[in-house]
Number of protein chains: 2
Amino acid sequence: MGLTRSEIFTDEQNQLSTLLKAIAHPARIAILQRIIISNTCICGDLVGELGLAQATISQHLKELKLAGIIQGTIEGVSVCYCINPKTWKLLEEQLGGFLASYKGETTCC
Amino acid sequence: MGLTRSEIFTDEQNQLSTLLKAIAHPARIAILQRIIISNTCICGDLVGELGLAQATISQHLKELKLAGIIQGTIEGVSVCYCINPKTWKLLEEQLGGFLASYKGETTCC
DNA sequence: TAATTACATCGTAAAATTGCAATATATAAT
DNA sequence: ATTATATATTGCAATTTTACGATGTAATTA
């Protein structure tokens, strides 16, 4: 009916899928890459560089912030965004464990 | 308008987001974990174990197959699914590179 | 104080996702 | 040939996502 039945899955499965969903969009990947490159935080630059409307960028930033992947600090008139190291580490661990659990076996169908 | 503007992003960004979207659902994570555990492939078992309707499981399997993450082989009456090693490796590389590009810096906002 | 700048939020439309019952299909067993 | 079993497909409803114009808000500048 359009809503994910989270109750029937484990907390780990739900948490990982939430983090993945947050980064599973080309615009949000581009935003994260841009933040990572300019280690120091940017923001309004994204609007001019990505080719999406300001409202759209702001919405994507909100989603990344909601998932805890980035954090924003008010800096005068503008807002400075950067990676949240804690969540990034969590993502690396959870996802790394998940991906590494498959050992490319030879016995397959 | 409800449709992602893929044209304005790079092929790498689009490809990675497609793969991520495919695994960004608790049911599909659960399905992949189950396939990985029983290194040898299963299928109908999922319906009984996950608590989702047969049509729903079948649909999730279809999405994973479409993204190239799993592959299915007809085996008598049932179908045997397993991980597609090639795509899994691609995902590990692309995602690994992306996650590793952030070196938890100290200078942040 | 008024104007400007940077960003967030609201409202809305189009499209995609999630889930399931019902039905179709295809192979195996009787 | 008929029945049973396993999976796929169809059709539908509820919900979420994506995108953007318009508008609101908050801090800086004139």
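This text goes with the structure placed above it.
Rules used throughout
- Position numbers for residues start from 1 in each chain and track the written sequence from start to end.
- Both sets of labels track the order of writing: A upward for chains, 1 upward for ligands.
- Under the rules for a predicted model, residues below a pLDDT of 70 receive no local features and side-chain atom pairs below 80 are neither given nor counted, while totals for whole chains, interfaces and linings still include all residues.
- For the side-chain quantities, the full set of heavy atoms in the structure was used; hydrogens and water were omitted.
- Ring pairs are drawn from Phe, Tyr and Trp, using the six-membered ring of Trp, whenever the two centres fall within 6.5 Å, and their geometry is named by plane angle: stacked under 30 degrees, edge-to-face over 60, tilted for the rest.
- Put simply, DSSP H or I for four residues or longer makes a helix, DSSP E for two residues or longer makes a strand, and each gets a number counted from the N terminus.
- The buried label applies to any residue whose accessible area, calculated with a 1.4 Å probe on protein chains only, is under 20% of its type's maximum; exposed applies above 50%, and partly exposed to all values in between.
- A residue counts toward the fit only if its pLDDT is at least 70 in both copies, and the copies are then superposed by least squares on the C-alpha atoms of those residues.
- Any two residues whose heavy atoms approach within 4.5 Å at even a single point are treated as in contact.
- Only protein atoms enter the calculation, which uses a 1 Å grid: trapped sets of points that fit a 1.4 Å probe without letting it out are cavities, open sets showing protein on both sides within 12 Å along at least five of seven lines are pockets, and any residue with an atom within 4 Å of a point is a lining residue.
- Grid points are joined across faces, edges and corners, and a volume is the space filled by probe spheres set on the points.
- Values labelled buried area give the accessible surface lost by two parts on being combined, using a 1.4 Å probe and summing over both.
- One side-chain nitrogen of Lys or Arg within 4 Å of one carboxyl oxygen of Asp or Glu is enough to make a salt bridge.
- Ten residue types, Ala, Val, Leu, Ile, Met, Phe, Trp, Tyr, Cys and Pro, are classed as nonpolar, four, Asp, Glu, Lys and Arg, as charged, and the remainder, Gly among them, as polar.

Chemist: Quick rundown of the packing of aromatic side chains? Include the residues and the values.
Modeler: For any pair of aromatic rings, the description rests on two quantities: the centre-to-centre distance and the angle between the ring planes. One pass over the full model with this rule turns up four aromatic pairs over all chains. Look at A:W88 and B:F98: their rings are 5.6 Å apart centre to centre, the planes differ by 65°, and that puts the pair in the edge-to-face class. On the criterion of chain membership, the pair formed by A:W88 in helix α5 (residues 85-100) and B:F98 in helix α5 (residues 85-100) is interchain, its members lying in two chains. According to the relative accessible area criterion, B:F98 is buried, its value standing at 5%. Among the aromatic residues, those joined into a ring-pair cluster are A:W88, B:F98 and B:Y102.

Chemist: If you had to explain the relation of the copies chain B and chain A to someone new, which residues and values would you point to?
Modeler: The transform that puts chain B on chain A rotates by 180° and translates by 0.0 Å along the axis, for an RMSD of 0.0 Å. Both chain copies can therefore be described as sitting about a two-fold axis. The overlap is high: 100% of the interface residues of chain B also sit at the interface in chain A, so the same surface is used on both sides.

Chemist: Tell me what's going on with the layout of surface pockets, and back it up with residues and numbers.
Modeler: Taken as a whole, the largest pocket holds about 480 Å³ of empty space. Along the walls of the largest pocket sit 24 residues, with A:S17, A:K21, A:A22, B:K21 and B:A24 positioned nearest its centre. Listing elements by their share of the lining of the largest pocket, those giving two or more residues are α1 (11-23), α2 (26-37) and α4 (54-66) of chain A together with α1 (11-23) and α2 (26-37) of chain B. Sorting elements by how many residues they give to the lining of the largest pocket places α1(A) first, with five residues.

Chemist: Before we move on, could you go through the interface of chain B and chain A and cite the residues and values that matter?
Modeler: In this assembly, 45 residues from chain B lie in contact with 45 residues from chain A. Where chain B abuts chain A, roughly 4000 Å² becomes buried across the two surfaces, and 74% of that area is made up of carbon and sulfur atoms. Area buried by chain B at its contact with chain A is led by B:F98, B:Y102 and B:C109, which between them contribute 18% of it. Counting every contact that joins chain B to chain A gives zero salt bridges. Contributing elements (two or more residues each) for the side of chain B that touches chain A: α1, α2, β1 (70-75), β2 (78-83) and α5 of chain B. With eight residues, the single largest contributor to the side of chain B that touches chain A is α5(B). Taken together, the residues of the side of chain B that touches chain A sort by class into 29 nonpolar, twelve polar and four charged.

In short, the description is geometric, and any link to function would need to be established separately.
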